[in-house]
Amino acid sequence: MANITPISTESCKIGFIGAGKMAESIARGVINSGVLPASNVRTAHLGLRRTVFESFGTKVFDQNSQVVQDSDVVIFSVKPQVVKDVVLQLRPLLSEKQLLVSVVAGVKLKDLQEWAGHSRFIRVMPNTPAAVGVAASGMPFCLFLLSPYSARVYIRDDSFLKKVLYTVITLGDAATKEDGELISKIFGAIGKVWTAQEKLFDAITGLSASGPAYIFLAIEALADGGVAAGLPRELSLGLASQMVLGAASMAVSTGKHPGQLKDDVASPGGTTIAGIHELEKAGFRGILMNAVVAAAKRGQELS
Ligand code: NAD
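Participant: Before we go on, may I ask you to explain the nonpolar core in this structure?
Facilitator: For soluble globular proteins, nonpolar side chains are generally found buried alongside one another. Judged by nonpolar contacts, the single largest core of 34 residues is most densely connected at Ile 14, Ile 26, Val 73, Ile 183 and Phe 187. At six residues, the largest contribution of residues to this core is made by helix 1 (residues 21-32). The next biggest cluster of nonpolar side chains, apart from the first, holds 21 residues, and it includes Val 68, Phe 76, Leu 112 and Ala 116.

The structure is reproduced here in structure tokens:
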């Protein structure tokens, strides 16, 4: 641990290996929120992505090696299939002076540390909409979107983005508490950050990484129900989406147990309890629990 020197939060330089959607999302968040100036963010790319990163002030090199040599924090944001080769190629340049971070889904810290030759490594798992937000916007602060069918979300401004995105982080053996705090600050720029043991990552994937798709399905089905009950399609879809947004906001902002919130809506002999009765007869809770467990199991099989 002799080479573990603290990295200053105010002046650190962060470099992305892999100039894709995820890297863009994090870079934009860090810069827009003022955590770091654009001049402290770098990546490397020779193709079209170069222009995208340059458009918001990021330094773009030709080679990954230049990014590593000019960064205190190196974030691996390539696809899982190539990460091993990329880390191994850069290994001669990597030392414990740098904090390494991986956002790569399904690749374990143990392997990353082995390929890098040291364990000042932090594994991070952002949720999928982090990149969708950027893909949908093409520009900061001004996001729009279509319907749940496109598997994208309506994002109106940056503060909204921060409410719906999250990151889970887990620390490698040589990563310090201060390293964890630095990464929480960087990823805090794009949403809420939780720290969790790596063994929980598959369950987290099953719940909140795959979860948006369960809710898109629910929105679609609720909208179909509205149409079956006589609503025009567009109105029904708008109401279903806004209702899910409102319910989630209430659960987060009131801090009340969801059972309590449900009881508050269901008056005796009323409409809501009639609907809930149907859901319970069909095993609604068990189905959702099974979905999370199945996705977590699949995550385990893939990693
Ligand atoms: P992406 O395809 O948009 O980005 C990958 C980038 O890596 C591309 O720009 C590609 O040109 C570049 N690349 C490929 N080989 C390279 C190499 N040898 N050196 C440097 N760059 C190289 O993918 P993405 O959606 O940004 O995902 C990146 C990582 O983030 C993945 O590992 C994924 O599992 C993880 N992740 C993504 C999301 C998401 O919302 N997209 C969520 C969680 C985790």
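And the narrative resumes.
Participant: Just checking my understanding: could you explain the packing of aromatic side chains for this structure?
Facilitator: Two descriptors summarise a pair of aromatic rings, namely the distance from one centre to the other and the angle between the planes of the rings. Counted under the stated rule, the structure contains two aromatic pairs. Measuring from centroid to centroid gives 5.5 Å for Phe 53 and Phe 56, while their planes differ by 40°, and the two rings are tilted. Per residue, the accessibility class of Phe 53 equals that of Phe 56, and both read buried.

Participant: Explanation requested: the pattern of salt bridges in the structure shown.
Facilitator: Pairing of side chains with opposite charge becomes possible as their charged atoms draw close. In total, this model carries 18 salt bridges according to the counting rule given. A salt bridge links Asp 70 to Lys 13; the nearest nitrogen and oxygen atoms lie 3.0 Å apart. Linking Asp 70 in the loop between helix 3 (64-69) and strand 4 (73-76) with Lys 13 in the segment before strand 1 (14-17), this pair joins segments that are 57 residues apart in sequence. Overall, Lys 13 belongs to the partly exposed group, its relative accessible area being 27%. Two residues, Asp 62 and Arg 50, come together in a salt bridge whose shortest N-O distance is 3.0 Å. Of the two residues, Asp 62 sits in the loop between strand 3 (59-61) and helix 3 while Arg 50 sits in helix 2 (residues 49-55), which places them twelve residues apart along the sequence. Residue Arg 50 is classed as partly exposed on the basis of its relative accessible area, which comes to 22%. Because the salt bridges share partners, they merge into one network encompassing Lys 13, Arg 42, Lys 59 and Asp 70.

Participant: Looking at this model, I keep getting lost on the sheet that holds strand 6 (residues 121-126). Mind explaining?
Facilitator: Pairing is mixed across the open sheet formed by eight strands, whose spatial order is 3-2-1-4-5-6-7-8. Each having just a single partner strand, strand 3 and strand 8 (192-195) make up the two edges of the open sheet. Across this sheet, the average inter-strand angle for adjacent strands is 25°, counted without regard to direction. Pairing between strand 1 and strand 2 (residues 41-44): three bridges, direction parallel. Opposite Phe 16, over in strand 2, you have Thr 43 as the bridge partner. Here helix 4 (residues 80-90) sits on the sheet in contact with strand 1 and strand 4, set at roughly 150° to strand 4.

Participant: What should I look at first to understand the environment of Leu 90 in this one?
Facilitator: Inspection of the secondary structure puts Leu 90 in helix 4. Separated by 25 residues in the primary sequence, Leu 90 and Trp 115 place their C-alpha atoms 9.4 Å from one another. Those residues within four positions of Leu 90 in sequence are excluded, and the remaining contacts are Ile 17, Asn 64, Ser 65, Val 68 and Phe 76.

Reading guide: rules and limits
Residues numbered from 1 in each chain as written. Predicted model: local features only at pLDDT ≥ 70, side-chain atom pairs only at ≥ 80, totals over all residues. Heavy atoms only, no water. Core = buried A, V, L, I, M, F, W, Y, C linked by side-chain atoms within 4.5 Å. Buried < 20%, exposed > 50% of the residue type's maximum accessible area, 1.4 Å probe, protein only. Helix = DSSP H or I, 4+ residues; strand = E, 2+ residues; numbered from the N terminus. Phe/Tyr/Trp six-rings, centres within 6.5 Å; stacked < 30°, edge-to-face > 60°. Salt bridge = Lys/Arg side-chain N within 4 Å of Asp/Glu carboxyl O. Pairing = 2+ DSSP bridges. Axes fitted to C-alpha atoms, helices over the stretch in contact; angles between N-to-C directions. Contact = heavy atoms within 4.5 Å.

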